[in-house]
Each structure stands twice: as C-alpha cells, then as structure tokens.
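Here is what each chain is made of, one letter per residue.
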Amino acid sequence: MEEQHRKKLLVLYASQTGNALDAAERIAREAERRSCPLTLLSLDQYQPSMLPHEEVVIFVVSTTGQGDTPDSMKVFWKYLLQRSLSQHWLKGTLYAVFGLGDSSYQKYNFVAKKLDKRLMDLGGTAIIERGLGDDQHPSGYEGSLDPWMSSLWGMLNIIKPEFFPNGPDVVIQDKVLIDQPKVQITYHNIENVDSSFSTASDLTNLDIQIGSARSMHPGKLSSDKCRPDCFLKMVRNLPLTRPNGGKDVRHFEFEFVSNAIEYDTGDVLEILPGQESASVDAFIRRCNLDPDSLITVNPRQMDGCTDSNSRVPVKLRTFVEFTMDIASASPRRYFFEVMSFFATAEHERERLQYFASPEGRDDLYQYNQKERRTVLEVLEDFSSVQMPFEWLVQLVPPLKRRAFSISSSHLAHPNQVHLTVDVVSWTTPYKRKKKGLCSSWLAALDPQDVTYIPCWIHKGGLPTPPPSLPLVLVGPGTGCAPFRGFVEERALQSETNSVAPIIFFFGCRNEDIDFLYRDFWLSHSQNNGVLSEAKGGGFYVAFSRDQPQKVYVQHKMREQSQRIWNLLAQGAAIYIAGSSTKMPADVTSAFEDIVSKENEVSREDAARWIRSLEKYGRFHVEAWS
C-alpha cells in the first residue's frame with residue numbers, strides 16, 4: 001500500500017480566490033491524460049510531516065495581498081519553517097513549484113519564490129525551474145503554465161519514466177473522461193423535504209438558503225464560511241463625485257438587520273452581490289433547467305455513492321443565484337473544452353476545439369478574458385451546446401464575495417457600517433459597455449427599499465492602531481476609506497483622552513470633481529482637530545490634474561519630509577491604502593528618500609530601515625487592483 005501511494009504524483013495547491021485551484025486541476029487533468037496516477041489536495045488537507053515520504057510533489061501556490069501566503073497554506077508553511085528540520089529532511093524528494101501572482105504588485109509571486117527556496121534548503125531536488133504565472137500576461141497565468149507543464153512532463157519522463165507508461169506525449173482522448181463530472185445532482189420530491197423553510201422568518205430562510213447553497217458548491221474553498229456573519233440594509237446612498245466627472249464614487253451607509261457585529265477600524269466587509277433576476281432567468285431558460293427543482297449537490301464518489309442525506313435541498317434557481325457567477329465572470333479555458341463535446345453544430349465544435357488548444361490560446365484570450373465575456377454570453381454565442389447541469393455546476397465560475405475596506409468607526413456608529421465604493425464601469429476593446437457586478441448592484445439600491453445584503457466581516461491588512469500610536473497615512477482615491485474610520489475613531493477618543501497625532505496624505509484628480517469627504521478631512525484638520533498641525537498632525541492633498549504638471553501624494557510627502565521624519569522618530573506607524581499598480585512602490589520609495597535625507601544615511605540604509613518597520617509591525621499596506 002505504501003509503495004502504491006509513493007508511485008503517485010502528488011499535486012498540492014494553496015488558493016485564496018480559486019485561480020491556484022484552477023491551475024492545479026489543469027495540471028492534474030494533463031497528468032491523467034498521460035496515464036499518470038496522482039493525488040490532488042489542498043495544502044490544508046495534507047499532513048506536512050509526510051513530505052519526506054513523497055517521491056514527486058508539484059506545488060501550485062498563489063500570492064495574496066502584499067506577499068502573503070493563502071490561508072490554506074499558513075499551517076503548512078509554519079511547519080516548514082521549524083528550525084528542527086535538517087537540510088537533508090527532503091533528500092530524495094523531487095518537487096516543482098508553480099506560482100500565481102500579479103507583476104503590478106511589489107512582492108510579485110513572493111510565496112512561490114520563498115517556498116521554492118525553503119524546499120531547496122531542506123534538501124529537496126527541483127525537477128525544473130519554478131514557473132511564475134502573471135495576471136498581467138496577455139493570456140493570464142496560462143501564458144506561463146502551458147510551456148512550464150510541457151517542460152515538467154519532459155523532465156519527469158526522463159527522471160521517472162514509470163509515471164508515463166506510454167511516454168509524456170501520448171494523451172488519452174477526453175471522450176473516456178468527459179461523461180464523469182466531479183459533482184452529482186440529486187433531485188428531491190417536495191413532499192419529502194423538511195418544511196421548516198416555510199415557517200422560518202424571511203431573514204432566517206435567506207440565511208439557511210445561502211448557507212446551504214454555498215456549502216454544496218464544488219468551488220467552495222476549505223476556508224470559506226458559507227453562512228453570512230450578518231445581514232445589512234442600505235440606509236444612505238450618496239454620490240461623492242461630481243456627475244459626468246469621469247468617476248462615480250459612492251458613500252454607502254448600512255444598518256444591521258440581524259444582530260449587530262462589533263468591528264474594528266481597518267476591518268474588511270465582504271458582500272455577496274445580487275445577480276439580476278433577468279440574467280438568472282435567461283441562464284435557466286438557455287440551459288433548459290427547471291428553476292423550481294429541489295436539488296442537492298455532492299462530490300461524485302468513485303463508487304457512485306453520495307452523501308446527499310446530510311445536505312439541505314434548495315431550489316435550483318436559488319443555487320444558481322447564490323453560487324454561480326453567470327453574468328459577470330469569464331469562464332476558464334476548460335469550459336470551452338468541455339463545451340466542444342456537447343456542441344451539435346460542427347462549426348461551433350471546431351471553433352471550441354480551437355479555443356481549447358494551445359494554438360488558440362491567444363485568440364481565446366481576446367474573445368473571452370479581454371472582452372470579459374460572461375458564461376451567459378458564451379452560451380448564447382454557441383447556441384448548439386447543451387451542457388448537463390452537473391458540468392455547469394462544476395465549470396461556471398463560483399459567485400465570489402467582494403471585499404471592501406470599512407470606512408467607519410464602530411465607536412462612532414454602533415449599529416452601522418459605512419463603505420466608500422468606486423462604481424466600476426468600462427468599455428471593452430470591441431466597444432462593449434461593461435460594469436462591475438457588486439458596485440453597480442449597490443449603486444442601484446434604493447435606501448427606501450428593504451434589500452437584505454449578506455455580509456461577512458474579517459481582518460484586513462491594516463491592524464487597528466492604539467490611540468497612543470502616531471500615524472502617517474497615505475490613501476489616494478478610495479484608499480482613504482479605512483482612514484476615514486481611523487480619524488473618526490481617534491477624534492472620538494480625543495474627547496476623553498490624549499491621543500497621538502495623525503498626518504494624512506490624500507490624492508485625487510481634481511479638487512472640484514473627486515475630492516472625497518472634503519468637508520470631513522478639513523473639519524478635522526482645523527480647530528485643534530486630530531489632523532491639525534497644531535496637534536502635531538497634518539492633512540495634505542495632491543490634485544494630480546489641476547495644473548499642467550501632475551502632482552501625486554509622493555510629491556506632497558517630500559514637501560513635508562521633516563514633519564514625517566519627526567513622527568517616525570517618535571515611533572509612528574505607516575499605513576498605505578489604495579490602488580495596487582504603481583502607488584505602493586512610489587510611496588515606499590518616497591519614504592526611503594525622506595529617511596535618507598532627514599537621517600543623513602545612504603538610500604540602502606534607508607530602505608533597510610523601512611523594511612525593519614515592516615518587520616516590527618509599523619508598516620502596513622492594503623492595495624487592490
């Protein structure tokens with residue numbers, strides 16, 4: 001049994017949003033097609049002490065936030081960092097690492113790089129050089145994954161030819177595998193279903209239905225909490241930007257309709273967005289489904305048995321509405337591959353096969369990701385395709401929660417949560433108008449109507465600062481959101497206790513178009529407010545487009561070099577929030593310049609000093625794309 005286990009290829013993945021899972025499943029499919037036996041597991045399902053007993057391990061890991069490991073990898077990584085592990089611990093273990101990241105972030109693919117180094121330090125042998133998938137590549141991470149996999153199979157065949165009895169290039173046709181999706185749908189008779197739904201309140205009913213539907217979805221990550229922490233209703237929907245100014249940023253205020261949850265400044269609110277009823281109905285019609293069917297969804301067991309008794313049935317329409325992203329996310333390449341098996345029109349089948357091939361990868365990217373085609377749009381473009389619902393459940397992208405930095409203080413608003421949201425809209429290369437699912441749904445809500453909004457609250461990348469900690473905050477655009485909560489809370493604390501000063505640098509395009517929360521910041525920067533220079537703080541704004549020369553927050557920072565250094569010398573913490581493109585790197589560089597100038601040290605020493613702040617919990621970044 002041990003020998004049989006060790007002859008299998010082991011694929012381990014750590015995924016935060018699902019991309020690493022997709023990539024790991026793709027590697028597993030390609031291995032199976034080459035008759036290579038394998039085991040596919042999430043890192044939190046694997047016992048790290050077993051690693052030295054494995055022959056060949058493929059790691060697929062994503063990098064989240066500012067170089068953070070995914071939640072499912074944290075225990076595994078902590079185990080690997082133990083000092084008691086010797087440099088020969090993994091002697092005889094072959095491994096390969098593929099990372100998923102975004103090169104617009106400073107710590108691009110940081111997790112894959114440090115994992116690769118640690119495995120090598122512990123005596124592991126790399127089969128091939130690590131692969132780094134990049135969201136910025138024209139074909140996304142697949143642009144790197146395809147050639148990396150090709151090299152992997154070639155090298156593995158040389159080192160371990162027994163893994164490929166027919167060689168690395170002999171591929172089993174998918175006709176053998178295509179009739180077995182990973183899920184099984186059970187349809188239930190309404191008379192046999194627990195009637196507690198009908199007697200529960202609307203809110204309880206909704207809570208149960210969301211929890212049941214999301215717990216059954218195969219794309220659910222092991223770290224996911226299926227039932228919402230709370231429900232909110234909108235009480236204020238206020239535009240913060242001038243109409244026709246090129247941006248639409250809103251201030252939303254919500255009240256708890258379930259039990260109020262205490263949150264800290266710097267926390268994150270996740271919202272499950274509503275999908276348009278018309279889109280859900282159109283998808284159900286297009287796929288010839290019965291919206292009122294009562295279903296449970298289970299992983300298909302090898303022996304055909306399923307554990308359907310432990311699941312609460314939900315209506316098919318409810319399952320689609322709360323778990324399947326049909327009108328926002330673009331499907332993966334495998335979706336097109338499976339579609340080709342169910343296309344009855346020859347020209348559609350040929351086009352789908354081409355899209356799924358390595359040769360058609362770039363054309364698929366132009367048609368699909370670049371245009372942000374939705375599942376519904378793709379199904380309408382290929383009208384001869386009739387996919388079984390099991391395959392749709394497996395392959396339609398899961399409906400993801402959207403995360404927003406909370407922009408209020410719980411001390412100031414005990415029964416409320418405030419958000420600052422950029423309502424996203426854009427035009428595709430083929431001039432198709434698109435909009436962000438969650439932000440546009442929220443913007444369309446009328447506070448007079450009662451719409452229950454399912455939410456989750458968790459810690460973000462910005463820990464709550466104690467009142468005695470001086471702060472240097474940098475938050476251009478909607479990056480100001482968490483700092484509105486910081487300032488609100490410190491102003492309240494200052495009424496009864498002495499508090500440390502805050503310097504805040506804000507940036508936007510134009511003073512009269514998108515100066516978010518203008519009156520709020522100005523009021524706290526005057527009359528001995530927590531942002532006033534009289535209290536040792538300061539509020540400085542960069543308007544990038546109000547003069548011929550562009551001015552950004554880093555320019556304003558350099559103007560206030562001495563004030564910043566004085567606060568840093570007093571033990572201040574740095575917080576940066578906003579766009580993940582160039583801003584965090586430019587702002588960090590400005591801090592290094594300031595430390596170098598004011599402390600009269602070299603640029604290298606200044607950079608080391610800033611890194612030490614990060615190490616000691618005084619340098620925090622929360623960035624989003």
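Residues numbered from 1 in each chain as written. Predicted model: local features only at pLDDT ≥ 70, side-chain atom pairs only at ≥ 80, totals over all residues. Heavy atoms only, no water.

*Asks:* Help me understand the overall build of the chain, please; the structure alone is not making it clear to me.
*Replies:* A count of helices and strands for the chain gives 21 helices and 22 strands. Computed over its C-alpha atoms, the radius of gyration of the chain comes to 26 Å, within 12% of the 25 Å expected for a compact globule of 625 residues. Oriented by its inertia axes, the alpha-carbon framework of the chain measures out at about 75 × 60 × 45 Å. Residue burial in the chain is summarised as follows: out of 625 residues, 54% are buried. Accessible area for the chain stands at about 28,400 Å²; split by element, carbon and sulfur atoms hold 48% of it. Charged side chains in the chain number 69 positive and 78 negative. The centres of these two groups are separated by 4 Å. (Helix = DSSP H or I, 4+ residues; strand = E, 2+ residues; numbered from the N terminus. Rg over C-alpha atoms; globule rule 2.2 N^0.38 Å. Buried < 20%, exposed > 50% of the residue type's maximum accessible area, 1.4 Å probe, protein only. Areas by Shrake-Rupley, 256 points an atom, 1.4 Å probe, with all protein chains shown as cover. Lys, Arg positive; Asp, Glu negative; His and termini not counted. Charge placed at Lys NZ, Arg CZ, Asp CG, Glu CD.)

*Asks:* Teacher, can you tell me more about the environment of His-217 here?
*Replies:* For His-217, the location among the structural elements is in the loop between α7 (202–216) and β8 (230–239). The class for His-217 is buried, based on a relative accessible area of 6%. Beyond its immediate sequence surroundings of up to four residues, His-217 is in contact with Phe-319, Thr-323, Met-324, Val-393, Val-396 and Pro-398. (Contact = heavy atoms within 4.5 Å.)

*Asks:* Where do I start with the confidence of the model for the chain in this structure?
*Replies:* Should the pLDDT be low somewhere, the predicted coordinates at that spot are not to be read in detail. Of all residues in the chain, 94% attain a pLDDT of 70 or more, and the chain-wide mean is 91. Of the regions scoring below 50 in pLDDT, residues 1–6 engages in 4 contacts with residues more than four places distant in sequence or in other chains. Here residues 302–308 is a poorly scored stretch, pLDDT under 50, and it has 10 contacts once near neighbours within four places are set aside; other chains count. (pLDDT = per-residue confidence, 0-100.)

*Asks:* What's the story with helix α19 (residues 561–569) in this structure? I'm lost.
*Replies:* Spacing of three or four residues puts side chains on the same side of an α-helix, whose turn is 3.6 residues. Regarding α19, the residues found buried are Ser-561, Ile-564, Trp-565, Leu-567 and Leu-568. Seen end-on, α19 carries its buried residues on one side only, within an arc spanning 160°. In this structure, α19 carries Gln-562 and Ala-569 as exposed residues pointing more than 90 degrees from its buried face. Elements in contact with the buried residues of α19: β18 (471–474), β19 (502–508), α18 (553–559), β21 (573–579), α20 (583–599) and α21 (603–615). At the exit of α19 stands Gly-571, carrying a positive phi of roughly 95°. (Arc of directions from axis to C-beta.)

*Asks:* Looking at this model, I keep getting lost on the UniProt feature "binding site: FAD" (unreviewed entry) in the chain. Mind explaining?
*Replies:* The UniProt entry lists Arg-372, Arg-402, Ala-403, Phe-404, Ser-405, Gly-436, Leu-437, Cys-438, Ser-439 and Trp-624 under the feature "binding site: FAD" (unreviewed entry), expressed in the numbering used here. An extended arrangement is adopted by the annotated residues: their sequence extent is 253 residues, and the largest C-alpha distance between any two is 25.3 Å. Position of Gly-436 relative to the elements: it lies in the loop between β16 (433–435) and α15 (437–444). The class of Gly-436 is buried, set by a relative accessible area of 14%. Discounting residues that sit within four places of it in the chain, Gly-436 has contacts with Val-424 and Trp-426. (UniProt positions renumbered as here; feature names shortened; annotations may be inferred.)

*Asks:* What should I look at first to understand the nonpolar core in this one?
*Replies:* Side chains that are nonpolar tend, in soluble globular proteins, to be buried together. Counting residues in each nonpolar core, the largest one holds 50 residues, and the members touching the most others are Phe-283, Phe-319, Met-324, Phe-335, Phe-389 and Leu-392. Look past the residues within four positions of Phe-319 in its chain and what remains in contact with it is Ala-213, Met-216, His-217, Ile-295, Val-297, Val-314, Met-324, Phe-389 and Val-393. (Core = buried A, V, L, I, M, F, W, Y, C linked by side-chain atoms within 4.5 Å.)

*Asks:* Teacher, can you tell me more about the sheet that holds strand β10 (residues 268–271) here?
*Replies:* Sheet strands line up and pair through hydrogen bonds in the backbone, either parallel or antiparallel. The strand order across the open sheet built from 6 strands is β13-β10-β17-β8-β9-β14, with neighbouring strands paired in antiparallel fashion. Looking at strand neighbours, the two that pair on one side only are β13 (402–405) and β14 (416–422), the edges of this open sheet. Pairs of neighbouring strands in the sheet enclose a mean axial angle of 40°, with direction left out of account. In the sheet, β10 pairs with β13 via 4 bridges, with the strands oriented antiparallel. Bridged to Ile-271 within β13 is Arg-402. (Pairing = 2+ DSSP bridges. Axes fitted to C-alpha atoms, helices over the stretch in contact; angles between N-to-C directions.)

*Asks:* Sorry if this is basic, but what is going on with the domain arrangement of the chain here?
*Replies:* Quite often, the size of an interface is put as the accessible area lost when its parts meet. Parsing the chain into structural domains produces domain 1 (9–163) and domain 2 (471–623). Using C-alpha coordinates to define each centre, domain 1 is positioned 38 Å away from domain 2. Taken together, the contact pairs 5 residues of domain 1 with 8 residues of domain 2. A combined buried area of about 520 Å² lies between domain 1 and domain 2, and 41% of that area is made up of carbon and sulfur atoms. Of all residues in domain 1, the largest losses of buried area upon contact with domain 2 belong to Gln-66, Ser-104 and Gln-106, amounting jointly to 71% of the total for that side. Counting across the domain 1 and domain 2 interface gives 1 salt bridge. When the shortest N-O distance is used, the salt bridge between Glu-614 and Lys-107 registers 2.9 Å. At the junction of domain 1 and domain 2, the tally comes to 1 residue pair in polar contact (both at pLDDT 80 or more). (Domains from an automatic or database assignment. Buried area = accessible area lost by both parts, 1.4 Å probe. Salt bridge = Lys/Arg side-chain N within 4 Å of Asp/Glu carboxyl O. Polar contact = N/O pair within 3.5 Å; in protein donor to acceptor, adjacent residues only side chain to side chain.)

*Asks:* Sorry, what's going on with a nonpolar patch on the surface here?
*Replies:* A contiguous nonpolar patch, built from Met-155, Ile-158 and Ile-159 and spanning about 270 Å² of accessible area, is present on the exposed surface. Looking at the secondary structure, you find Ile-158 in helix α5 (residues 142–159). (Patch = residues over 30% accessible without salt bridge, like charges linked within 9 Å, V, L, I, M, F, W, Y side chains within 5 Å.)

*Asks:* Help me out: how do you make sense of the packing of aromatic side chains in this one?
*Replies:* Each aromatic ring pair is summarised here by two numbers: the centre-to-centre distance and the angle between the ring planes. In the structure shown here, the tally under the stated rule is 26 aromatic pairs. Here the aromatic rings of Phe-252 and Phe-254 are separated by 6.1 Å at their centres, their planes lie at 50°, and the arrangement is tilted. Phe-254 shares its class with Phe-252; the two are buried. Ring centres of Phe-506 and Phe-515 lie 5.8 Å apart, and the angle between their planes is 20°; this geometry places the pair in the stacked category. When its relative accessible area of 8% is taken as the criterion, Phe-515 is described as buried. One aromatic cluster is present, formed by Phe-483, Phe-486, Phe-504, Phe-506, Phe-515, Tyr-517, Phe-520, Trp-521, Phe-539, Phe-543 and Tyr-575 through successive ring pairs. Note that Arg-484 overlies the ring of Phe-520, its terminal NZ or CZ placed 5.4 Å from the centroid. (Phe/Tyr/Trp six-rings, centres within 6.5 Å; stacked < 30°, edge-to-face > 60°. Lys NZ or Arg CZ within 6 Å of the ring centre and 35° of its normal.)

*Asks:* Explanation requested: the pairing of strand β22 (residues 619–624) in the structure shown.
*Replies:* Consecutive side chains of a regular strand alternate in pointing toward one face of the sheet and then the other. Counting buried positions along β22 gives 5 out of 6 residues, so the element sits mostly inside the fold. Judged from the 6 bridges that link them, β21 and β22 form a sheet pairing that is parallel. By the bridge assignment for β22, Ile-576 is matched with Val-621.

*Asks:* Would you explain the packing of α7 against helix α9 (residues 316–323) in this entry?
*Replies:* Packed helix pairs are characterised by how far apart their axes lie and by the angle those axes make with each other. In the contact formed by α7 and α9, the axes pass within 9 Å of each other and the chain directions differ by 75°. Considering the angle they form, α7 stands roughly perpendicular to α9. Contacts from Leu-206, Gln-209, Ile-210, Ala-213, Arg-214 and Met-216 of α7 reach α9 at Thr-318, Phe-319, Phe-322 and Thr-323. Considered class by class, the residues forming the contact of α7 with α9 number 6 nonpolar, 3 polar and 1 charged. (Parallel < 35°, antiparallel > 145°, perpendicular 65-115°, else oblique. Nonpolar A, V, L, I, M, F, W, Y, C, P; charged D, E, K, R; others polar.)

*Asks:* Help me understand the packing of α20 against α21, please; the structure alone is not making it clear to me.
*Replies:* α21 packs onto α20 with a crossing angle of 120° between their chain directions and a minimal axis gap of 8 Å. Note that α20 runs across α21; the crossing there is right-handed. Facing Thr-588, Ser-589, Phe-591, Glu-592, Asp-593, Val-595 and Ser-596 of α20, the residues of α21 in contact are Arg-603, Ala-606, Ala-607, Trp-609 and Ile-610. (Left-handed = near helix turned anticlockwise from the far one by under 90°.)

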